[in-house]
Amino acid sequence: PTRVHRSFLPDGTKVRISKRSGAVIPRPDREPYTKTSRDPTESDTLEGDVWEVTYDKNAEIPPWERYEQMYGGGDEGGVSEFGIQK
């Protein structure tokens with residue numbers, strides 16, 4: 001790899017210049033990147049299945065127990081109705 005720095009020519013063109021030899025190094029011509037697409041196979045996940053929500057962490061816990069977990073219940077600790085730690 002050649003070490004380069006960037007500079008401007010007298011006409012204002014920005015160029016790359018070799019640090020060792022001082023030669024102007026032109027930018028390589030590259031084709032723009034294009035994403036290649038492929039046909040789905042049977043091992044691919046269907047789009048509808050990708051966006052499907054299949055897990056709800058609160059589904060197994062009854063609502064009254066969720067409330068107790070969030071705000072504490074009874075004498076076992078938690079936060080009081082005034083926001084003070086019990």
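A brief look at the structure comes next. If you're wondering where the values come from, they're calculated on a predicted model, not measured in any experiment.

What follows covers a positive patch on the surface. A grouping of R6, K14, R27 and R30 is seen on the molecular surface, where their side chains present a positively charged patch. Note that R6 resides in strand β1 (residues 4-8).

Once that is clear, we can look at the sheet that holds strand β3 (residues 24-25). Strand order in the open sheet formed by 3 strands is β1-β2-β3, and the pairing between neighbours is antiparallel. Pairing within the sheet leaves two strands with one partner each, and these edge strands are β1 and β3. The sheet contact formed by β1 and strand β2 (residues 14-18) spans 5 bridges and is antiparallel. Each bridged residue has a counterpart across the sheet, and for F8 the counterpart in β2 is K14.

Right, let's talk about the side chain of R16 for a bit. Structurally, R16 is set in strand β2. Nearest to the buried, unbridged R16 among oppositely charged side chains is D29, at 10 Å. Polar contacts involving the side chain of R16 include one to the main-chain carbonyl oxygen of P26, which spans 3.4 Å. Setting aside chain neighbours within four positions, we find R16 in contact with H5, R6, A23, V24, I25, P26, R27 and P28.

One can find D44 in the loop between β3 and α1 (47-50). Judged by its relative accessible area of 27%, D44 is partly exposed. Here R38 takes part through its side chain, which lies 3.2 Å from a polar atom of the side chain of D44. A polar contact of 3.0 Å, which involves the side chain of D44, links it to the backbone nitrogen of T41.

Now for the side chain of S18. Note on placement: S18 falls in strand β2. For S18, the side chain forms a polar contact with the main-chain nitrogen of R20, separated by 3.4 Å. Not counting residues within four places of it along the chain, the set of residues in contact with S18 comprises T2, R3, V4, H5, A23 and I25.

Rules behind the numbers
Residues numbered from 1 in each chain as written. Predicted model: local features only at pLDDT ≥ 70, side-chain atom pairs only at ≥ 80, totals over all residues. Heavy atoms only, no water. Patch = residues over 30% accessible without salt bridge, like charges linked within 9 Å, V, L, I, M, F, W, Y side chains within 5 Å. Areas by Shrake-Rupley, 256 points an atom, 1.4 Å probe, with all protein chains shown as cover. Salt bridge = Lys/Arg side-chain N within 4 Å of Asp/Glu carboxyl O. Lys, Arg positive; Asp, Glu negative; His and termini not counted. Charge placed at Lys NZ, Arg CZ, Asp CG, Glu CD. Helix = DSSP H or I, 4+ residues; strand = E, 2+ residues; numbered from the N terminus. Pairing = 2+ DSSP bridges. Buried < 20%, exposed > 50% of the residue type's maximum accessible area, 1.4 Å probe, protein only. Polar contact = N/O pair within 3.5 Å; in protein donor to acceptor, adjacent residues only side chain to side chain. Contact = heavy atoms within 4.5 Å.

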